[in-house]
Amino acid sequence: MKIITATLVTLLTASSAMAIDMPADGKSKCGACHSIDKKSVGPSWNAVAAKYKGQADAEATLVANITKGGKYGWDMGVMPAKGLGANDKQIAALSKFIAVDLNQ
Ligand code: HEC
C-alpha cells in the first residue's frame, strides 16, 4: 500500500509540473506554425498571451485576428486567416486558451 501511495504521489506531482499542453484543435490547425513556449514560424502562444495580458478585450481581439489573419507586429510573416482551416468554434476556444488559460 505504501508503495502504491508513493507511486500515485509521484505521478500526480509529475503531471502537475508538466507544461500546459496545446489543445488537440490547436495542434492540428495551428501546430505547424505555433507552439506554446517556443517561437517557430509564428510567435509562441505564451508571447501572444503576454502581449494581451490584462486587456479586457483580449479574447475578442484574438478571435478577430485569427479569423482575419494578417500581420500583427511580430515581424515574422503573415498569419493565414483561420490557420489551417479552423472553424469559428475552434477559433473561439483557442482564443480563450491563449488569452485566459495561458495567462493564469
Ligand atoms: C502557416 C503558419 C501559421 C499557421 C498555420 C497559424 N499561424 Fe498564427 N501566426 C503565424 C505568423 C507568421 C504570425 C505572426 C504574424 C506577424 O508577424 O505579425 C502569427 C500570429 C498569430 C497570433 C498573434 C496575433 C496578434 O494579435 O498578435 C495568434 C494569436 C495566432 N497566430 C494564432 C493562431 C491560431 C489560433 C492558429 C490556428 C487556428 C494559427 N495561428 C495558425 C503563422 C501561422
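Residues numbered from 1 in each chain as written. Predicted model: local features only at pLDDT ≥ 70, side-chain atom pairs only at ≥ 80, totals over all residues.

### Regarding the site of the ligand
- Around the ligand sit 27 residues, and of these Cys-30, Cys-33, Gly-42, Met-79 and Gly-83 come closest.
- Counting only elements with at least two residues in the shell around the ligand, the list comes to α3 (45-52), α4 (58-68) and α5 (88-99).
- Looking at the shell around the ligand, the element that brings in the most residues is α4, giving 3 residues. (Near = placed C-beta within 6 Å. Helix = DSSP H or I, 4+ residues; strand = E, 2+ residues; numbered from the N terminus.)

### Thoughts on the nonpolar core
- Counting residues in hydrophobic clusters, the biggest one holds 14 residues, and the most contacted among them are Trp-45, Ala-49, Leu-62, Leu-94, Ile-98, Ala-99 and Leu-102.
- If one sorts the elements of this core by residue count, α5 sits on top with 5 residues.
- Ignoring anything within four residues of it in the chain, the contact list for Leu-62 reads Tyr-52, Ser-95, Ile-98 and Ala-99. (Core = buried A, V, L, I, M, F, W, Y, C linked by C-beta atoms within 7 Å. Buried ≥ 20, exposed ≤ 12 C-beta atoms within 10 Å, placed from the backbone. Contact = placed C-beta atoms within 7 Å.)

### Brief notes about the packing of α4 against α5
- At a closest axis distance of 9 Å, the pairing of α4 and α5 adopts a crossing angle of 130 degrees. Here α5 runs oblique to α4, going by the angle between their axes. The interaxial crossing formed by α4 with α5 has right-handed handedness. Side by side, α4 and α5 meet where Ala-58, Glu-59, Leu-62, Val-63, Ile-66 and Thr-67 of the first sit next to Ile-91, Ala-92, Leu-94, Ser-95, Lys-96, Ile-98 and Ala-99 of the second.
- Taken together, the residues of the contact of α4 with α5 sort by class into 9 nonpolar, 2 polar and 2 charged. (Axes fitted to C-alpha atoms, helices over the stretch in contact; angles between N-to-C directions. Parallel < 35°, antiparallel > 145°, perpendicular 65-115°, else oblique. Left-handed = near helix turned anticlockwise from the far one by under 90°. Nonpolar A, V, L, I, M, F, W, Y, C, P; charged D, E, K, R; others polar.)

### Here we look at the environment of Glu-59
- Here Glu-59 is to be found in helix α4.
- For Glu-59, a count of 17 C-beta atoms within 10 Å gives the class partly exposed.
- Leaving out residues up to four positions away in the same chain, Glu-59 has contacts with Ser-95, Lys-96, Ala-99 and Val-100.

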